[in-house]
Amino acid sequence: TSTGGTITLTADDMAIDQFINSAAGMTILDTTTAGRNIDVGTDTGGELGLTEAELDLVTAGVVRIGNTLSGNIDITQAGLDLDNTTVLTLITGDTVTETTGTIFETNLRVSAASTVTLTSDNSVTTLAGEVTAGDFSFTELAATSLTIGTVDTVTGLTTTNGNITVTTDELEIF
């Protein structure tokens, strides 16, 4: 427990069975080995697997998963909705994808060195992201409003020589 500071947990495999509380601060969950993949939703062998049940034990102003040296981040949890935060940040030195999952979170930041493909029916209120080399694709659940704004120090959506595709019924850009 921290009363507003940052809690950083670094391991190639985690089993979160107790509450982690950084209050309004940040909790960072990251791999020890550079290039190790992260599975958000399933405890997959050979990857840092973080289940929704584990992530629901984390209370923080921001839950940040990965860093610029992390491998691929794959969202495999359908309706990923963290109970004790309103800000989810995904950072990787590779790609971010959804193979079987979707994200239901108030604020989402995605930063990747390569392509971001989050094209399932997500439900996010405010989105921000950056891609160093590749495309950024995001699909919002029909009948919900999406704002492109500021989340966890990143404002808007940016790529370097890549395409940005956002699909939604209602869009606001701030």
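Provided above is the structure to which this section pertains.
Residues numbered from 1 in each chain as written. Predicted model: local features only at pLDDT ≥ 70, side-chain atom pairs only at ≥ 80, totals over all residues. Heavy atoms only, no water.

Overview of the side chain of Ser70
Stage number 1. Within the fold, Ser70 resides in the loop between β7 (62-65) and β8 (73-75).
Stage number 2. A polar contact is formed between the side chain of Ser70 and the backbone nitrogen of Asn67, at a distance of 2.9 Å. (Helix = DSSP H or I, 4+ residues; strand = E, 2+ residues; numbered from the N terminus. Polar contact = N/O pair within 3.5 Å; in protein donor to acceptor, adjacent residues only side chain to side chain.)

Re the environment of Asn72
Stage number 1. Relative to the helices and strands, Asn72 is located in the loop between β7 and β8.
Stage number 2. A residue is classified by how much of its surface remains accessible, and Asn72, at 28% relative accessible area, is partly exposed.
Stage number 3. Separated by 34 residues in the primary sequence, Asn72 and Ile38 have C-alpha atoms spaced 6.2 Å apart.
Stage number 4. Dropping the residues within four chain positions of it, Asn72 is found in contact with Asn37, Ile38, Thr92, Asp94 and Thr95.
Stage number 5. Polar contacts involving the side chain of Asn72 include one to the side chain of Thr95, which spans 2.8 Å. (Buried < 20%, exposed > 50% of the residue type's maximum accessible area, 1.4 Å probe, protein only. Contact = heavy atoms within 4.5 Å.)

Let's talk about the environment of Leu82
Stage number 1. Within the fold, Leu82 resides in the loop between β8 and β9 (87-92).
Stage number 2. With a relative accessible area of 3%, Leu82 lands in the buried category.
Stage number 3. Sequence spacing of Leu82 and Val58 is 24 residues, and the spatial spacing of their C-alpha atoms is 8.3 Å.
Stage number 4. Among residues more than four places away in sequence, those in contact with Leu82 are Glu52, Leu55, Asp56, Val63, Leu88, Phe104 and Glu105.

Worth remembering: the numbers are spatial, not functional.
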